Structure formats: structure tokens, C-alpha cells
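Secondary and tertiary structure notes
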Amino acid sequence: MSRKNIIRKALLIGGVMAYSLLWTNSISALEALGGRANNAAAILNSGSTNTCPYTIYVYPNNDALYTVCNQSSGEGHLAATLTSKFFHDIATAQPLEALPHQQPCFKATSFGSSTQIEYGVQKSPDISCSVNRIGEQLENDARMIQWSLHFSLLKRMYSAPERNVFRS
């Protein structure tokens, strides 16, 4: 295949991805792109027995997109100071894979979850098990970003209402 044909195919694929980004669920399209469009950083939380997993894509322009419980999605605009601090802490923590963390990291069964930061091709270990200041700052950034977007992590918010099995 010639170099010209390779470039044409790459442009075609890029156009299809851009189209899907505009006309489909934006979170799904970003996940198809690896969540890295426009230098986005991702906050990935596994959820737990009682809490929902979530993914938040944070952009340098202060925009954020998120999914919760693999079914609800939304977007928000973060304070510039929070976004700036988050990206500064990511830059300070480089390389993310080398962040010191506690092993094993013991957590409560009901509420223990793991949180990772993904940026470019890098992925941190669980920042909720950090043993240094920068890891703790990233964990705090992730919590503040999630809190700023005002979505609930409780599974009961996203499940079907329970029926009363006791009849009087």
C-alpha cells in the first residue's frame, strides 16, 4: 500500500471518529478514541459493592465528561483553578506508573474502590493507596472533580425501585 493511500485511510478513519463524536454519545466516542482526544486526562474509579464505578474525562479547557454506573452520563465545567491544579499534579507525578503506592492496599469490602489516573499512554497505580504527597494530591484532585460534577455514586440511585414484598 502506498504512503498516499495510508494517509487517505487515516484521514477517513479520523473523519468517521469525528462524526461519531458529534452524533453519538460523546462518552462512547471518547472511549473509542482511548479517552485521549485533546489531551484529556481520565479519572477511572472501579466502584465497590455499594458505589458505582465512574469515568471522568477532564480537558485543559475546564470541560469534563463522565459516565456513572455504566449507564448515566453527563458533562460539566470545572473551575479553572481545579483543572489547572489537576494537570499540574499530573505533570509533577510523571511518570504516572512509578507513583509509590502501598501493596497490599487494604480497603473496606463495602466501600473500597480503586482510583487511577490515565493520561496519554500512562496509567497510575491506585492513587487511593498512595504513600507520597503527589499521589495524595492527585487523589484529592480526583475527589474534588467528582464532587464538583455533582453526581451520586450510590448504586441505589441508578437501580430499579424495590418492590414491597410484604402485603397487608
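A quick note: this is a predicted structure, and the numbers were derived from the prediction, not measured. (Residues numbered from 1 in each chain as written. Predicted model: local features only at pLDDT ≥ 70, side-chain atom pairs only at ≥ 80, totals over all residues. Heavy atoms only, no water.)

Remarks on helix α3 (residues 80-92)
With 13 residues, α3 extends 18 Å from end C-alpha to end C-alpha; this agrees with the ideal 18 Å at 1.5 Å per step. Residues of α3 that are buried include every one of L82, T83, F86, F87, D89 and I90, and no others. Taken down its axis, α3 places every buried residue within 155° of arc, on the same side. Residues of α3 that are exposed and point over 90 degrees away from its buried face: T81, H88 and A91. For α3, the elements touching its buried residues are β1 (41-45), β2 (54-58), β5 (115-119) and α4 (133-148). (Helix = DSSP H or I, 4+ residues; strand = E, 2+ residues; numbered from the N terminus. Expected span 1.5 Å × (residues − 1). Buried < 20%, exposed > 50% of the residue type's maximum accessible area, 1.4 Å probe, protein only. Arc of directions from axis to C-beta. Contact = heavy atoms within 4.5 Å.)

Some details on the side chain of S48
Its location among the elements puts S48 in the loop between β1 and β2. For S48, the side chain forms a polar contact with the side chain of T51, separated by 2.7 Å. (Polar contact = N/O pair within 3.5 Å; in protein donor to acceptor, adjacent residues only side chain to side chain.)

As for the pattern of salt bridges
Summed over the entire model, instances satisfying the criterion amount to three salt bridges. With a closest N to O distance of 3.1 Å, D141 and K85 form a salt bridge. Taken together, the residues D141 in helix α4 and K85 in helix α3 connect sequence positions 56 residues apart. When its relative accessible area of 1% is taken as the criterion, D141 is described as buried. Ionic pairing is found between R143 and E139, a salt bridge with its closest N-O pair at 2.7 Å. (Salt bridge = Lys/Arg side-chain N within 4 Å of Asp/Glu carboxyl O.)

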